[in-house]
Every structure is written in structure tokens, then in C-alpha cells.
Amino acid sequence: MSTPDVSCVITAGAGGEAALRESVESVLDQSLRAVEALVVLPADGDAALRAAAGALAGRSGGRVRVLTAEAPAGAVAVLRNTGLDAAAGTYVLVLDDGELLRRHACRNLWEAGTRTGADLVAGRWSRLTGDGAKEQEPHWQHALFARSRAVERFTQAPGLAVHDALVTGFCLRREALEQHGLRYDEDLTHSGILFGALAAAVVGRIALVRRRIVTRRALPDGGRDLAGLVEAHRRVGHVLVAQGPDGLCEERDRAFLRDHLVPLVRSFVLRPAAERDRITATAARVLPGCVTEDALLTLPPVERVGVRLLERGDPDGVLTAAYAMRRRGTVAAPLTLGGDGRVYWGSGDDPVLDVTALGHQHRTFGELRLMNRVTRYEADGGRVLLAGRLVLPGHTGPEPDAPLTAHLEFRVRDGSRAFRFPVDELRRDTTGVAWRTRVHLTRGLRPFGVRDTVWDARMVLEDGRTRSVTDLFAAHDLVGPADRSPALPRLGRTAGDIWQPYVTLKDHLALRLDARGRPARTARRLVHYATHFRPARRVRLLLRALRTRRDRLHARGFKARVYDSWLLRLPVRKGAVVFESHMGRCYGDSPRAVYEEVRRRGLPLRCVWSYESSPAGFPPGARLVRRWSWRYLWALARAEFWVDNQGFPQQLRKPSGTTYLQTWHGSAYKRMGFDETRVRMQNAPQRERLQRAVHRFDHFLVRSEHDVRTLARAYRLPEEALLRTGYPRNDALVAARARDEAEGRFPRPSLAAELGLPDHREVVLYAPTFRAGGGRRRRRPLLLDAARFAERFGDRYTLLVRAHYLEAASLPVCPPGTVVDVSGHHDVSELLALADILVTDYSSIMFDYALLDRPVVLFAPDLDAYAAERGSYFDLREKAPGPVVGTEDELFAVLDRPKAADAGFRERRAAFAEEFGGYDRGDAARAVVDTVFARHIVPARRARTGEAGR
Amino acid sequence: MSGSREVRDVFIVSNSTDELGGVTGWTHRTARLLSERGHRVHVVGIHASALKMALPEPLGHPVTALYPAHPPTPWAPEGAWDRLRVAARRREAARVAEKRRAVARLSELFRTARTGGVVIVSQVWAMEWVGEADTSGLRVIGMSHESYDYSRASHRYRWIKDHYANLDRWLVLTEEDADLWAGDGMDNVGFMPNALAALPDVPSPRREKAVASIGRLTDQKGVDMLLDTWALVAPERPDWRLDVYGAGEDEADLRARCTDLGLDGSVRWRGRTDDVPGALAASSVFVQSSRGEGFPLALLEAMASGVPCAAFDCAPGVREIVRDGEDGLLAPAGDIVALADRLLRLTGNPRMRDAMGDRARTAVQRFSEAEIMDRWEDLFAFLER
């Protein structure tokens, strides 16, 4: 063979012959044919390995060369260097044993290298996950290889050196290798980490290809050789300091923490005690000084606690932190309150151990999830001795002088039944409660034996007033097969004859009913056969097919077809109205105001409300139908009026005799409808569907000429559909303003008491707009840091957070009464009337709130990006009714002195209210009802109540 | 990679030999170019088409259609009753037999190739036949002439995944599309841009105050958005005209919309043109407002004439051809305000127009026929390594 294009160096290791054979075969199977494999074996190595390598070489027709090197055990670097010395190809690639090259790997690397003239070509690789059954790419790889590209220096793709990206899946031009004298460090166990980073730093052009090159890399075990790993990291740090720009080394420190040390801490739960001790001993020796304090502080609280305890060599502390990582929100260790109001893990006021952000201090005993660890499980026949310890944080606990009682509870997995055992001994001390009990499993725990074979353990602790339920955590080596006890199911011992304790994937203790004796095992096998042999499988498949058929009858497509072809033929029922607000998500907004006006005047209308998932919050007297249910479609098909603020399902045509009142849900700042970029780029059928849906509107409410210019034009609404009445929902705001001016703000509406708002704190309502992207109802962090707000203004303001009706907010834990999530509240107008200051960004709420003439702050960190992406109808900064701030600090400065900040905005606010809400005069509901329901308005003396005539 | 220019047997297999459409044009042009380089090219279409494209006579390469007309689609019985229909079963059996004959014919063609032969499958549907034919000793290269997103939204996505996964190599139009496919698990994907047909001898003088748009008047080309854009531009540039070249099903609607917008004075409907360089010579700016594109030839042609472009950044192919701010201006897809802004910049600044036009004419030559043919030959050699 002439000069090969790529030489692959493969070293044999722990995987043995099978792994070696697979790796070599993956090289020989390459679609690029000019590839050679260099297998390097230790001179004193395994004879079987040598034989396997020889056999591969014999079959390959000269494409596999076998080399040997004098190497001490474990010195992979020596073997690899031998391979590099002997390589003849244009490019050289190094594979660990067991790793596989994808079929087109060499072709992709060689093509990219030749096209770009790069010295180093890197691609993606994946590694085995925990149990070795699946593969996964490291999480940072996606961003690094987002696009194929060539860079002149590694600093243009810093991820290559920051993470251990170049440990496999890359090749080097052999000339560059020789020119820079690149070799693996033979005194280093993790030499691959250093080699890749060093190569990236010294060679010229680097090509990145977005192709997967290597699969089946072994999962790195940070615990096996922590000292070597840390040494390799240290040397890479030296390279980065010498070759890279400022800050790269620090970035690598942070990556090292996240990629190596945090997973190591997490893995403690699964390791036996001896290994935990060994690792922490090594860590205490090599870790101090390895990563900087600053890097450590960038980690989330529990993670940095774990790493700090690892550094200190505290095996039990690390284990505790690992539990806290795997069970978010659990108090795993005692907390101490520092003098400055900060909360620390364990004792001491190391800033790394500061866990104030977890918010445990704001919750009390009974609300907190406490860590309860089983320390002893000793089975003696049917009797089991259990002992453990429950952690109490410093600030709260059971009543000190009340008698403590507790019981263990074993619950079947589906939660339908439980057996209880009293706990004999409870000893309380400053940091927790130690407990010990003896239970008679055989007699006390009596399952049926079928479909209730797994039982989870938990403990309930009571102090007479509060009770705290805790899961029982256990180390994975606490129980084994020897700890079994006899079991006595009600169906007899053939259903199962032993209780086998085990630790679940979520680390808590559970019992499993197992079969050990011959009768039980035979019975199990028979049952298994009966439920799994071919006729049984066929029955199961048939049932599933029937279920699919049944589900199809409930699908929207089918319902829409039935609606279209059958329900629409039904006659319209005079006086029937269907109301819907925000696609059934709430009972509020203008449809509610219209509905209440109808009820108040006692019009003889038959009103039906649609709800999406829960009827909670809808008025008890109203007729309710679930959105998309058959009754909903029936109601829509027969209704004389449709009243809605967003849109009844687009697929549903409006019956010919029906009047559709579209109240709409807000004036527009961002571009809407056919002005929206996304809509414009849709294809013709999609746009026609939208236009057809919009053409159903018979009446469309507008608040000002701004709405006419924007919304009406964007949806191509005819002039005769527009009702210039303002929004019925805003009548309440106009009334509230009149009341403010006449009587003042106090007493507050009754809602204040419901939400527990004290009169001495002002109310700030934060109502950001919907950010597109992601699925519906995604929980996302707020742009405003509610915890910081509470810390700074907790004694002055109460923050009400209202997420958009399409999404839910995710709030941090804050002191009680400082931050209240009102996303679930149905009526925004009530909240607006309550708020003293509104903080929002681009939400249409600002147009409504302006009617109240109260201060508004526009907190819009991403104003320019948002306006550029979504497009806007006007310049917010120019017309804003209040200060527009870009950062949280600016916002806090404004909230600190609200009066001063508001002084300059009174006139602008009035102008804003006039421009965007000129038609809101407080009588919208009446005007709308007069216009739309005109033919049902009866003279006052003959009026009946709305519910009459059912 | 250059240097190994041996003469090869090249088969280009498309859906149809003479169907009206971009890929047919591409097929015959590539066939001509490869023949000119000395390769023995054979164009194979699965079927001959009813709606024919005007092809130059003589073609200079043999053309074979496996079926005289579009072959029937496979029959999938719906429900038990349908299975009993004898006529349908007979038709299906006939279809299968006919397909077997077509595959045999294809195999026979392929067997005439000498070593180093290449099969280029320009459309994925043709793989139904090529995949079953005997291609031993030949290298099969698949192609997809559309962007990843466009394929993703269509049934062709599944076909590509099924048929192209095991090929030696298959090609999309741009590296960005190739990356998207690679991220989707297709490791054997490469990219090959379309070639620019010809470089006009003289660039447009760029003296006429006219903006040109060339393309079919269909929804995909987004001329409705162009009119909205022009409604923003026209008041600022009363002396400029918009020339809309092309014909299509939406013409009447678009003309009506133009009248509604009051643009009749500044928009000229030029109809379909065969003299693209001539049309470009009479304009100074080119505009494209498509909803979706692959590797738009119209942009290439405009740039070759030295006419700077303003376009919606609707596909990787557009970004690949126009380097924003350097040899043309791009606007976020669908953002008519931004596109109007680009047009105002190009129409308002003659110096920028000239600089960009000249740069465009130079830059677009990286897609010249000679360049692209070199890349094809390099690819043939690469697949033999």
C-alpha cells in the first residue's frame, strides 16, 4: 500500500481482545480505504491479546501492523508514542481500546483536512452512559460543533481546550506532529487530556467538523485516578497560561469543576464506603489549590458545597451533598444562621458553604423536605432492626417540649395501601433526631402477592401539631441479598416468599416481594408464561389496537370533522351565548365583563362558559363546558353568539346564523397578524387558514385609533366590524381611578386580604410578556430576580408576579409574604386595580394600566433585540408611560425613589392613556351589550334573571 | 486533490428526462459540462414527461427514460375489503413486474460502465430504482436540491433518511445544510453548490433607476411581500421603478394588490423573459423576497451581471451566495421593513451600489462552471481513495 491517508493508533487496554478486535474492525470498515491500523501492545502483555492482534493483522492484507513496546503496566502514553513514531499516514488518529470509529469518520476528517489545509481536524464523539447501555455526547459538544468551520487559532474555538474535547475523535497532520514534537507525556496517567489541549494550542489551522467520529468511549471515572486527573488539568492550565489569552485558564477551571468534580461528588451515593474514603483522602491531598475560589463560587450552592467538602476530605459530608444534589430541595445537613442573615451548610461561615439561595430558611418544619438516612438494617428472620437519623436544620424543628412520636410506613408503589409500624426509640439532639426500631416484617406487612410486590419505606414524624413525612434514604451498599426476611402474602407463599430490601434508583429504601423457594419460583414461572405466551400477547395487542381506535374518536381532527358535517346543521338556539377567555384558561378579561353586565341587567340569555382544564375559579352558577369536548362543540354549533378574546379553534367554522363578538385581549406593541414576520413567511394555505379564522369576527372591539391602525389592519378587518367602545374589562379600571380621586387608595379591594397583603407595604405587580420559543406552559426563570428583589425591598414592597397566560413562572423561594405568584389568578383587572406600581416590559397590560394613572416602570433588558426580532409598531422609549430601564440595578434605583422617578412622567402618561385608550370611558360593557345583544334587550319592567327559563 | 483526471462513465439519474423544472435543467447542463471534460455521460430519467421542457438540440449525450410516462404508485390496501379487490391486485402485480423490468434495464446500463464509473442520483425518488439496480463497481452519489428545512417539512425527509443513509456520499447545496443533516445523524453528507451558468461579458452599467425581481409569480417567491416592501420604498424614491419579471398563477391577484397599494405608477409588470442578462443590464438593483429557496440561480445571475442584491435571508443557500454587507444586503426573512431599508440603502447610494456590484461579480465566480466541475472531479477521485 502506498502512503495511507490516515493512520489509526490503537492501544490495547483493560477491554481485552474483544474490545481490541472491535476497534480494529471499525478501522478496517472505513469507507475511506487508504487507512492503516497500528496496534501497539506491551512487550510483556497478555499472550491472548497478542494472538488476537496477530490474527487481525493476518486477515487484513497489510492494513494492520502490530507493534510492541517496553512499557510498565498502565503506561498507555508509551504505547501511543510508539504508535505515533511508526505511523506513516498523512493524518494520525489515536483510538482508545473499545472505542469505535464511525463508518465515514476517516473520510469526513480527511476531506475537511484537505479542503481547509488544517493541521488538526476535530469532530464529535459520544461515550457510554452510567449503565453502559446507551451513549451520549458530552453536553458542551453541541455548542462547540454547531457549525463546521476552520479556525486559524484554537482561541477562536476555545471550547476545544476549555473542555476535554480533544481526548478522542480528532486527527493530526503527521507533519505538524513531527514539526512540533508532539508526544504523550509518559509520566502522566491521563496523558490524553494534556496531549489534545497542547496540540490544539501549538498547531496552525484547526478544522471542526460537525460529524460524529468516535462512539463507545468509556465513561471517565474521576474516582479511579483523581491525582492523575488533577495533574493533567494542572498541566493544561500551564499550557493555556503560556499560549492562550487571559481568562481561558479560569474558564477551564470552571469547566473542570462541572465536568469532573461535580459528577464525582454525585457518584458518591453509588460507591461503597471504602472507595469513598479512598477518594476523599486523595482529594484532600491533591485538590487544595487546584481550582480557584472564584471558580468555585460560580457553581450552584449544593454543587460547590460538595466540591468544598471533597477538598476538605470529608467523606460523609460529600455523601450528604451528593444526596442533596440528587434530591433537589431536601435539607441534607444541619444549617447554621450566620450573623449577617446568611445561611451556611453545616457549621462555619465559609462563603463557599453559603446556601442562602436554596431558601430553606423560609420554610418551617412540616413544609421542609428533610433527609432521613437509614444507618442500620439487620434482618433476623422475620424481625428487622432499623436505625437511622433525621436531619434538622438549625432554625426550625418539632416543638421542643412536645412529645415526639413517629412511625414507619411501607406503601405499595401505586400508593393505594400502607402498613404502619411504630418507631420505638427517638432521641433528639441539636442537629437531628436519631431513631431505632424493630419491626416484624413477616407478620406486619401482608401484601396480596399479585400486583403489589414493591413497597417503599418512609417515616412520619409528629410533634402533636405538625407532621413531617420523609423518605428513607440508604447507601447503595447498606443492604444485600443476605438481608432478606420471610414474607407471608395473603394469597399464600406461592405468590412470593421473601422480602428483599433494595435501594432504588432514587436512593431510597424499598422492599420487593421475591420468590426463593421452589413452589414460589414455579408459580412465578407459570404466571409469567400465562401472561406472556403467544395468545396472551395477541390479546394485549388487540386491546392496544382497540384503545387506539377509541382514542381516535376523541381526537380533535375527528371532532372537527363531525362538527363540520353534522353539528353545523343543527338549528341555532335563540339567546344562547358561548363565552371563552384566553382559550379557556381563565374566567376573566372582557368576556367576563360582558357576561357580568348581561347578568346584572338580567338579559334572557343562556350563557355557557368554556374552560380548558379545570373549572376552578369559574362562577358557580354558570354552565360550563370543557374546551374541545362534545358538549363544547354542541354549544358552539347552536349558539347565537360567540364571545371570546383570542379565538375559538381555527378549525371550527362559525354557524351561519351566529354573531361573533371578538373582544380582543390587548392593544399591540409588537407586530401582530399579517404584520408578523412568522406569519408572512408561512405558505399560502396556512395564511388562508388564519384569514378564514379572522373573517369569522362580526364585531371587534378597539380602544383607540391606534388599534384601528395596527390590529384592524394587521388582521385585515373590515371597517364595519370595528366597535369603538373600549374594552369592557377596563371599566373596572376607570371606576378604580375615579374612586382613587374621590376617596383615595384605601381601604384596598378585598382581594388584598385574600392574598395576605398588608396595608403598610406597597404592591408592585411584575407582569412580563410572553417570550416565544419552547413548548406551551414551559416554566422559565424570570428576567427579574425575585429573590434579590425580596432581599432589597422585602420591608417596603410586596411583589406580585403574573406570568403571561401562556406560560408559568418559576419563582425562587423567598421570605413569606414578600413575593406572591398570582399567575393563576383569573382576572388581571383586579390585580391591576390592586397594584401601586406596575413593572412590565412589552406586555399590553401597560396600555390598560395607564388608565389608572399610577406609576409604570418598563423593565426591558432585551428591548432592542425583541423589537428587532418581533418588530414593533412604535418606539417604546419615545412614547413610554414611565421610565424604561435596561438592568435590574436601574430598576431597583427607580423603585427606591418611586416618587422622584415618576415626577417627569405624569403628562406623558396622560398622553399615553389618551393615545392608546381614548375610547375607554368606563361604559364599554354597557355599550357592547347594547349593540351586540340589542334584539334580546327587554324593557326593564319585564326583565327576568339570566338564569331563568332553563 | 487535483491531478487525477481520468475519463469516467457518469450516469445521472433523475425523476424525469424532460420535465419542466430546475432539476431537469441542472441535469442536462451538468451532463453537458461533464461531456465537455471528456466523460461519457448518460442521462437516465425514471419517466418521460408530458409537460416538456425546451431542451437544446442536439443534447450531445444519450438520454434514456425507463417508463414512457409517470409509473403508477404502489398500491396499499385499506382494510380487509380492499384486499379482496382482484383488479387492484392485478394492477399491482403488473406494476411490480414493470418495475422489475425497469430495474433490469437500469442494471444493464450500469453494467456497460468501465471501472471508476459514477452514478449521480439527482432526486431521491429515483433511488427507488437505483437502490434495487446492480451498482457493483460503481460509486453512487445522492443529491438533494433543497434546503434541510424544506425537506424536513416534506415526505422527502423520510425518503432521504431511508435511501441515502447507506450511500458512499450524498450532497446538499450548502455546508450549513450538510451540517444540519449531519446533526440529524447522516454522516455521509457533503455539499456541492450549483454552478453559475455564464458570466456576461459586460456587467450592467447600473445607470437605469430600476430595481429588478425575476421569478415565477407564485406564493413561494413572495412577490406579495415585495409589493408591501415597495410600498414603503416608492414614496422615498419617486424616480425609481420596480420591474417584476416572470409569470405565474398569482399574477392577477398580485396586479390587483399592486393597484390597491397605489403602486401602478412605479411597478412595471414585464412578464416572462428569456433574456435574463438583458433584463439585468436594464436595472441597477436586484431584489428577492422568497419564502423558501434552495440555491437560487437568480441571485447568482444578478451578481454575475454586477447588480447588487437585497434579499430575504430565507435559506442557507442565500447566505452562501450573498455575503451580507459585502456583495449584497440581506434582511431577516419576512421582515419587510428591513428589506425596504436595504433597498433604500442600495437605491440611495450609487457608490455603495457600484462597489457591491463589482465585488459581487468577482465573488460569484467561485461558483463558475469550471470551479464546480473541478470540485465534481475531485469528488469522484476522493470517493476512490
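The residue numbering used here restarts from 1 in each chain and proceeds along that chain's sequence as written. Chains carry letters from A onward and ligands carry numbers from 1 onward, assigned in written order. At least 70 in pLDDT is required for a residue's local features to be given in this predicted model, at least 80 for side-chain atom pairs to be given and counted, and no such filter applies to totals for whole chains, interfaces and linings, which use all residues.

Moving on: the overall build of chain A. For the purposes of this entry, the term helix denotes a DSSP run of H or I that reaches at least four residues, the term strand denotes a run of E that reaches at least two, and both are numbered from the N terminus. Looking only at helices and strands, chain A features 34 helices and 40 strands. In terms of its C-alpha atoms, chain A occupies a principal-axis envelope of roughly 110 × 75 × 70 Å. Split into buried and exposed, the 950 residues of chain A put 43% on the buried side. Our contact criterion uses C-beta atoms placed from the backbone: two residues qualify when those atoms are within 7 Å. In chain A, the proportion of contacts linking residues at least 24 apart, taken out of those at least 6 apart, comes to 72%. Residues are called buried when their C-beta atom has 20 or more other C-beta atoms within 10 Å, exposed when it has 12 or fewer, and partly exposed otherwise; all C-beta atoms are positioned from the backbone.

All names here are of chain A. To form a nonpolar core, buried Ala, Val, Leu, Ile, Met, Phe, Trp, Tyr and Cys residues must be joined through C-beta atoms within 7 Å. With 156 residues, the main nonpolar core has Val-39, Leu-109, Ala-200 and Val-265 as its most contacted residues. Setting aside residues up to four positions removed in sequence, Leu-109 forms contacts with Val-6, Tyr-91, Val-121, Gly-123, Cys-171, Val-209 and Ile-213. Core analysis: the next-biggest nonpolar cluster, separate from the first, contains 99 residues, Val-578, Leu-831, Val-839 and Met-846 among them.

All names here are of chain B. Multiply 1.5 Å by the residue count of a helix minus one, and that product is the helix's expected span. Look at helix α1 (residues 22-36): 21 Å from first C-alpha to last across 15 residues, which is about the 21 Å you get at 1.5 Å a residue. Listing the buried residues of α1 in full gives Thr-24, Thr-27, His-28, Thr-30, Ala-31 and Leu-34. The buried residues of α1 occupy an angular sector of 160 degrees when projected down its axis, which confines them to one face. Residues of α1 that are buried sit in contact with β1 (9-16) and β2 (40-47). Immediately beyond the C-terminal end of α1, within one or two residues, lies Gly-38, with a positive phi of roughly 95 degrees. The arc in question is formed by the directions pointing from the helix axis toward the C-beta atoms.

Residues and elements named next belong to chain A. Scored from 0 to 100, pLDDT records how confident the predictor is in each individual residue. Across chain A, the average pLDDT comes to 89, with 96% of residues at or above 70. Segment residues 773-777 is flagged for pLDDT under 50; beyond a separation of four residues in sequence, or across chains, it makes three contacts in the model. Predicted confidence is poor over residues 941-950, with pLDDT under 50, and the contacts of this stretch with residues over four places away or in other chains come to 15 contacts.

Residues and elements named next belong to chain A. If you check the backbone angles, Met-583 has positive phi at about 50 degrees while not being a glycine. By the secondary structure assignment, Met-583 is in the loop between β26 (576-580) and α19 (589-601). The phi torsion at Trp-628 lies on the positive side, around 70 degrees, for a residue other than glycine.

Residue and element names in this part refer to chain A. Think of each axis as a best-fit line through the C-alpha atoms, taken over the contacting stretch in the case of a helix, with angles from 0 to 180 degrees between the N-to-C directions. Relative to each other, helix α9 (residues 226-243) and helix α11 (residues 273-286) sit at 30 degrees, their axes nearing to 9 Å. Relative to α11, α9 is oriented roughly parallel. Crossing hand, α9 versus α11: right-handed. When α9 is examined against α11, the residues Leu-226, Ala-227 and Val-230 are found in contact with a partner set consisting of Ile-279, Thr-282, Ala-283 and Val-286. An angle below 35 degrees is read as roughly parallel, one above 145 as roughly antiparallel, one from 65 to 115 as roughly perpendicular, and any other as oblique. A crossing counts as left-handed when the near helix is turned anticlockwise from the far one by less than a right angle, and as right-handed when that turn is clockwise.

Let us look at the sheet that holds strand β33 (residues 762-767) of chain A. All names here are of chain A. A pair of strands counts as paired when DSSP detects no fewer than two bridges linking them. The strand order across the open sheet formed by six strands is β37-β35-β33-β38-β39-β40, and the pairing between neighbours is parallel. Here the strands that pair on one side only, and so sit at the sheet edges, are β37 (819-821) and β40 (884-885). Together, β35 (797-801) and β37 form the strand contacts of helix α26 (residues 786-793), whose direction differs from that of β35 by roughly 160 degrees.

So, about the sheet that holds strand β31 (residues 699-701) of chain A. Residues and elements named next belong to chain A. Spatially, the seven strands line up as an open sheet ordered β28-β27-β26-β29-β30-β31-β32, and their pairing is parallel. Strands with a single pairing partner mark the edges of an open sheet, and in this sheet they are β28 (623-626) and β32 (722-723). Sheet analysis places β26 next to strand β27 (residues 606-611), joined by four bridges and oriented parallel. Note on β27: the bridge partner recorded for Phe-579 is Trp-609. Here helix α20 (residues 630-638) sits on the sheet and contacts β26, β27, β28 and β29 (641-644); the angle it forms with β28, its principal contact strand, is near 115 degrees.

The next point concerns the pairing of strand β9 (residues 170-173) of chain A. Note on strand geometry: in a regular strand, side chains alternate between the two faces of the sheet. Residue and element names in this part refer to chain A. Covered by surrounding structure in β9 are Phe-170 and Leu-172 together with Cys-171 and Arg-173, the residues of both alternating faces. As paired strands, strand β4 (residues 91-95) and β9 are joined by three bridges and run antiparallel to one another. In the sheet register, Val-92 faces β9, and the bridge partner there is Leu-172. Sheet topology note: the strand β6 (residues 120-128)/β9 ladder contains three bridges and is antiparallel. Its bridge partner being in β9, Leu-120 is matched across the sheet by Leu-172.

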